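A structural walkthrough
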Amino acid sequence: MKITRLETIYLPEYPSFLFVAVHTDTGLVGYADTCYMPEAVAGYIHGFAAPMLLGHDPLAIELHWRRLYEVIAHTVGKGAELRGLSAIDVCLWDIFGQVTGMPIWQLLGGACRDRIRTYNTCGGPSYGKAAKGGTGYGTENPTGKYEDLAAFMERPGELALDLLSEGYTAMKLWPFDYVAHYPGGWDNWRNFRGMFDPNLRSLGGHDITAADLNRALEPFRQIRKAVGDKMEIMVEGHGLWSLPAALKIARAMEEFRPAWLEDLMRADDVHALVELRRGTTCPILASEYLATRYEYRPLLEAQAADIVMIDPTWAGGITECKKICSMAETYKRPVAMHDCTGPFTLYAGIHLAINAPNAIYQESVRAYMRVNYPELVTDMPVLEKGHLLAPTKPGIGTTLLPDVRKRAGVVVRESR
Ligand SMILES: [Mg+2]
């Protein structure tokens, strides 16, 4: 079997996503997606990776990873290049599964569980979609169904009850974001664009006032009042805070017994993370911002996190993420798989989480699973009582809808 064609598919309605397909001379096609700066990733795939892969055996997965990574490391190229490598790796695992007739979790060594617990990340359908190439919050005009971001800001107790009625027992929200860049600006939260706000004059996050802190705690008060301890609560920090502010937030959150505090700070300083972790009783999670074993190792060695978050198509693909899961296990750390970054990435995370002994959660966004992803792929993961079931189809378990390549404004590029 030989790789005959690499294809990238960009849809303007999903400005952060790039779909990647690896075609073979057998007719089998492996799919993946990658998130953020899609043109840069397409440039890497067609300009660099394709010449290294065309004509080669797609099942030499480990070898391809190493060959591509050696050059990436040699050129200090991590971002777009590593996202491209990660997506290609997922495509190759998809082909492997189709060749063998088995789901990827089986090929990784089999199932440690038949389902993985999930939590609802409370973003709406346009979360992550609003700004080209960026992370718009999608809060400018939240009028559709499953607008969970607006819900956690405006009626958090009601949202928690709704999720509980669907079987969810965990939810993640990020009310602190709205005071990171605009101290005192809570009431303007619908216009929040984070770092993509063209009117932003100074980056915040270096302090949080008592008033802002108190206001941002209100959703947690209302959730606990509505559902008691029936709901696990995760806090997303998006890496916006400095250490003193993160400590204030963490200590104030202790009374709500969160499952974890996620990325209150960027994970680029393990010593600051250690200080945060030692300064609070809340579990600290880090970080989807890290990539490859070589970045997770210092985090683990420094004991800078209680729980390790991994994004399969940011951190190095399925090949690398299985190793990161194993490495975390040796440090007695559980792993949680990241989503928000595309339907194939969600599936990749589920396969890893079904296989990894130390996986505790697979992130998911109900708005994406019910509104966005069904517009893109044939199959969706099965959600049952707050758990995602092990996929049963060969390979990744879903494929790109046939009409996606014909939609208005689509940009299809291929190398053969
Ligand atoms: Mg996160």
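Scroll up a little and you will see the structure.
Helix and strand counts for the chain come out as 15 helices and 14 strands. The dimensions of the chain, computed from C-alpha atoms along their principal axes, are 60 × 45 × 45 Å. The 416 residues of the chain split such that 61% are buried. Carbon and sulfur atoms provide 54% of the accessible area of the chain, an area that totals close to 15,500 Å². Here the chain contributes 43 positively and 49 negatively charged side chains, and the mean placements of these two sets differ by 2 Å.

Moving on to the coordination of the magnesium ion. Within the first shell, the magnesium ion binds the protein through Glu236 (OE), Glu262 (OE) and Glu288 (OE), at distances of 2.0 to 2.1 Å. The sequence pattern describing where the donors of the magnesium ion fall on their chain is E-x25-E-x25-E. One end of the pair, Glu236, is in strand β6 (residues 232-236); the other, Glu288, is in the loop between β8 (284-286) and α12 (292-301), and 52 residues separate them in sequence. In this structure Glu236 comes out as buried when scored by relative accessible area, which is 4%. On the accessibility criterion, Glu288 (6% relative accessible area) is buried.

This part covers the state of the cysteines. If you walk through the whole model with that rule in mind, you get zero disulfides. Left without a disulfide partner, Cys321 is nearest to the cysteine sulfur of Cys325, which lies 6.6 Å away. On the basis of relative accessibility, which here comes to 0%, the residue Cys321 falls in the buried class. Free of any disulfide, Cys340 has its nearest neighbouring cysteine sulfur in Cys35, separated by 8.4 Å. A relative accessible area of 16% places Cys340 in the buried class.

This next bit is on helix α14 (residues 343-355). Side chains three or four residues apart in an α-helix point the same way, a direct result of the helix having 3.6 residues per turn. Given a rise of 1.5 Å per residue, 13 residues ought to cover 18 Å, and the 19 Å separating the end C-alpha atoms of α14 matches this to within 8%. Burial runs high along α14: 13 of the 13 residues are buried.

Turning our attention to the pairing of strand β11 (residues 359-364). By the criterion of burial, β11 is predominantly enclosed, with five of the six residues buried. Two strands pair when backbone bridges link them, and strand β4 (residues 115-121) and β11 are joined in this way by three bridges, in the parallel orientation. Its bridge partner being in β11, Asn120 is matched across the sheet by Ser364. Of the pairings in the sheet, the one linking strand β10 (residues 335-337) to β11 comprises three bridges and is parallel in character. Of the residues in β11, the one forming a bridge with Ala336 is Tyr361. The handedness of the β10 to β11 crossover, carried by α14, is right-handed.

Overall, the coordinates contain 18 aromatic pairs when judged by the stated rule. Where Tyr36 meets Trp314, the ring centres are 5.6 Å apart and the plane angle is 25°; that geometry is what we call stacked. With Tyr36 in the loop between β3 (29-35) and α1 (38-53) and Trp314 in the loop between β9 (307-310) and α13 (317-330), the pair connects residues that are 278 residues apart, well separated along the chain. The class for Tyr36 is partly exposed, based on a relative accessible area of 22%. Judged by centre distance (6.4 Å) and plane angle (80°), the ring pair of Tyr178 and Trp186 falls under edge-to-face. Residue classification places Tyr178 among the buried positions, given a relative accessible area of 1%. The buried category is assigned to Trp186, whose relative accessible area is 5%. Site record: aromatic cluster; members linked through ring pairs are Tyr14, Phe17, Phe19, Tyr31 and Phe344. Sitting above the plane of the Tyr289 ring, Arg266 keeps its charged end 4.4 Å from the centroid.

At a minimum axis distance of 10 Å, the contact between α12 and α13 shows a crossing angle of 15°. What the angle tells us is that α12 and α13 run roughly parallel. As α12 packs across α13, the resulting crossing turns out to be right-handed. Here Thr292, Arg293, Tyr296, Arg297 and Leu300 of α12 lie close against α13, whose contacting residues are Glu320, Lys323, Ile324, Met327 and Ala328. When grouped by side-chain class, the residues that make up the contact of α12 with α13 number five nonpolar, one polar and four charged.

Applying the stated criterion to the full structure yields 24 salt bridges. A salt bridge links Arg407 to Asp403; the nearest nitrogen and oxygen atoms lie 3.0 Å apart. Among the residues examined, Arg407 registers a relative accessible area of 18% and is labelled buried. Here Asp403 falls in the partly exposed class, since its relative accessible area comes to 36%.

This brings us to a nonpolar patch on the surface. On the surface, Met1, Leu59 and Val99 cluster together into a nonpolar patch covering about 200 Å² of accessible area. Relative to the elements of secondary structure, Met1 occurs in the segment before β1 (3-10).

With that out of the way, let us pick up the side chain of Thr313. You can see Thr313 is positioned in the loop between β9 and α13. In this structure Thr313 comes out as buried when scored by relative accessible area, which is 0%. Of note is the side chain of Thr313, whose polar atom sits 2.8 Å from the side chain of Thr345.

Reading the values: rules and limits
- Residues numbered from 1 in each chain as written.
- Predicted model: local features only at pLDDT ≥ 70, side-chain atom pairs only at ≥ 80, totals over all residues.
- Heavy atoms only, no water.
- Helix = DSSP H or I, 4+ residues; strand = E, 2+ residues; numbered from the N terminus.
- Buried < 20%, exposed > 50% of the residue type's maximum accessible area, 1.4 Å probe, protein only.
- Areas by Shrake-Rupley, 256 points an atom, 1.4 Å probe, with all protein chains shown as cover.
- Lys, Arg positive; Asp, Glu negative; His and termini not counted.
- Charge placed at Lys NZ, Arg CZ, Asp CG, Glu CD.
- Donors = N, O, S within 2.8 Å, 3.2 Å for Na, K, Ca; no water.
- Disulfide = S-S within 2.5 Å.
- Expected span 1.5 Å × (residues − 1).
- Pairing = 2+ DSSP bridges.
- Right-handed = clockwise from strand over helix to strand, strands pointing away.
- Phe/Tyr/Trp six-rings, centres within 6.5 Å; stacked < 30°, edge-to-face > 60°.
- Lys NZ or Arg CZ within 6 Å of the ring centre and 35° of its normal.
- Axes fitted to C-alpha atoms, helices over the stretch in contact; angles between N-to-C directions.
- Parallel < 35°, antiparallel > 145°, perpendicular 65-115°, else oblique.
- Left-handed = near helix turned anticlockwise from the far one by under 90°.
- Contact = heavy atoms within 4.5 Å.
- Nonpolar A, V, L, I, M, F, W, Y, C, P; charged D, E, K, R; others polar.
- Salt bridge = Lys/Arg side-chain N within 4 Å of Asp/Glu carboxyl O.
- Patch = residues over 30% accessible without salt bridge, like charges linked within 9 Å, V, L, I, M, F, W, Y side chains within 5 Å.
- Polar contact = N/O pair within 3.5 Å; in protein donor to acceptor, adjacent residues only side chain to side chain.

Nothing here speaks to function; it is geometry throughout.
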